[in-house]
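A structural walkthrough
Here is how the chains run, residue by residue.
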Amino acid sequence: DTAVSQTPKYLVTQMGNDKSIKCEQNLGHDTMYWYKQDSKKFLKIMFSYNNKELIINETVPNRFSPKSPDKAHLNLHINSLELGDSAVYFCASSHTRTGFAGELFFGEGSRLTVL
Amino acid sequence: LAKTTQPISMDSYEGQEVNITCSHNNIATNDYITWYQQFPSQGPRFIIQGYKTKVTNEVASLFIPADRKSSTLSLPRVSLSDTAVYYCLVGDPQTGANNLFFGTGTRLTVIP
C-alpha cells in the first residue's frame, strides 16, 4: 500500500536515449511534483502539477516533459539523455486544504544513470 | 523567496539532544518554516512545520524566535537511527512555495 510509488527504481541507459519514469499516488492529493537530487545531494524542484495542470516549471531543459494523465499520476519523460541527467529523481505529492499546501509525501526515488 | 542556510554537517552521541539551526534572514510575512528528514536511498519525510514561537510533536520541537530570521530543530535524545540529512524549507503555503526549495541540508551523524 505504498502511498507514492515510482517505477523504475533503477534505470541505466546510454546517452541520447529517451526514457520515462512513472509516478502514482494513492493519497487523493491534488498536487504532484518532480524533484532532482544530484550527486552532491542538492534536492531541486523541477515541476509541480495541480489537478493535472502545470503550475511550476523551474528552469528545466525542454528535453524533460512531465505528463499528468490524471490527478493520481505524474510521469516524467526525458529525451536525448545527457551525462548530466544522472541523478535520483523523486516524485512527491501534497494536499491543499482551504488554500494551504500541506506537507510533501515522497516516493522512494528513481536512480537514473546515463553512460 | 527566502534563502536558507544550515550547517553542512553535525555529529552527536547517542542519547544527546541535537539542535540544528537554519538561518532565513529574508523570510516573508506569510512564510512558514518546514523541516524534512532524509535517510539514504529514501525520499525526504516531513518532520515538523511552524510559523512562530514553538511547535512540538512526537518527533521533534521547532523553536522560532520573534524576528523569525532563524529557526532551530530540536531532536531529543537522538539514537543511531536519527542519522540522516535534515532540510529546512521556508515558503508561503498559500502559494505552495513552502514545498519547493530545499536547501543544502544538514547531515547529522549519531555516534554510539
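Scroll up to find the structure this text is about.
**Thoughts on the overall build of chain B**
Looking only at helices and strands, one finds 0 helices and 9 strands in chain B. The order of α-helices and β-strands along chain B, N terminus first, is β-β-β-β-β-β-β-β-β. Taking 2.2 N^0.38 as the reference for a compact globule, 112 residues should give roughly 13 Å; the C-alpha atoms of chain B span a radius of gyration of 13 Å, in line with that estimate. Its C-alpha atoms give chain B principal-axis dimensions of roughly 40 × 30 × 25 Å. Counting all 112 residues of chain B, 48% fall into the buried class. Taking the contacts inside chain B whose residues are at least 6 apart along the sequence as the reference set, 56% of them involve residues at least 24 apart. Entry remark: accessible area of chain B is about 5,400 Å², with carbon and sulfur atoms responsible for 50%.

**Quick look at the state of the cysteines**
Across all of its chains, the model carries 2 disulfides over all chains by this definition. Covalently, A:Cys23 is tied to A:Cys91 through a disulfide, its sulfur atoms 1.8 Å apart. With the S-S bond torsion at -80°, the cross-link from A:Cys23 to A:Cys91 turns out left-handed. Separated by 68 residues along the polypeptide, A:Cys23 in strand E3 (residues 19-25) and A:Cys91 in strand E9 (residues 87-94) bring together distant segments of the chain. You'll find A:Cys23 and A:Cys91 in the same group, each marked buried. Residue B:Cys22 pairs covalently with B:Cys88 via a disulfide, S to S 2.2 Å. Taking the torsion about the sulfur-sulfur bond, which here is approximately -80°, the covalent link between B:Cys22 and B:Cys88 counts as left-handed. Note that B:Cys22 is positioned in strand E2 (residues 18-23) and B:Cys88 in strand E8 (residues 84-91), a separation of 66 residues in sequence.

**Quick word on the packing of aromatic side chains**
Enumeration over the complete set of coordinates arrives at 12 aromatic pairs over all chains. Pairing A:Tyr35 with B:Phe102 gives two aromatic rings, centres 5.6 Å apart and planes at 85°, and the pair type is edge-to-face. Highlighted residues: A:Tyr35 in strand E4 (residues 31-37) and B:Phe102 in the loop between E8 and strand E9 (106-111), drawn from two different chains. Of the residues examined, A:Tyr35 reaches a relative accessible area of 0% and is grouped as buried. Where A:Phe106 meets B:Phe102, the ring centres are 6.0 Å apart and the plane angle is 80°; that geometry is what we call edge-to-face. With A:Phe106 in strand E12 (residues 105-106) and B:Phe102 in the loop between E8 and E9, this residue pair bridges two chains.

**Points about the interface of chain A and chain B**
Every contact between the two is made by 21 residues of chain A and, on the other side, 20 residues of chain B. Approximately 1,600 Å² of surface area, both sides summed, lies buried where chain A meets chain B, with 60% of it carried by carbon and sulfur atoms. Taken together, chain A and chain B are joined by 0 salt bridges. When residues of the side of chain A that touches chain B are traced back to their parent elements, those giving at least two are E4, strand E5 (43-50), E9 and strand E11 (100-101) of chain A. Ranked by the residues each element gives to the side of chain A that touches chain B, the list is headed by E4(A), at 3 residues.

**A few points about the environment of B:Glu14**
All names here are of chain B. In this fold, glutamate 14 is placed in the loop between strand E1 (9-13) and E2. Between the C-alpha atom of glutamate 14 and that of valine 78, which follows or precedes it by 64 residues, the distance is 5.4 Å. Those residues in contact with glutamate 14 that sit more than four places away from it in its chain are Val78, Ser79, Leu80, Val110, Ile111 and Pro112.

The rules we used
Residues numbered from 1 in each chain as written. Chains lettered and ligands numbered in written order. Predicted model: local features only at pLDDT ≥ 70, side-chain atom pairs only at ≥ 80, totals over all residues. Heavy atoms only, no water. Helix = DSSP H or I, 4+ residues; strand = E, 2+ residues; numbered from the N terminus. Rg over C-alpha atoms; globule rule 2.2 N^0.38 Å. Buried < 20%, exposed > 50% of the residue type's maximum accessible area, 1.4 Å probe, protein only. Contact = heavy atoms within 4.5 Å. Areas by Shrake-Rupley, 256 points an atom, 1.4 Å probe, with all protein chains shown as cover. Disulfide = S-S within 2.5 Å. Phe/Tyr/Trp six-rings, centres within 6.5 Å; stacked < 30°, edge-to-face > 60°. Buried area = accessible area lost by both parts, 1.4 Å probe. Salt bridge = Lys/Arg side-chain N within 4 Å of Asp/Glu carboxyl O.

Such coordinate-based values are descriptive only and should not be taken to indicate function.
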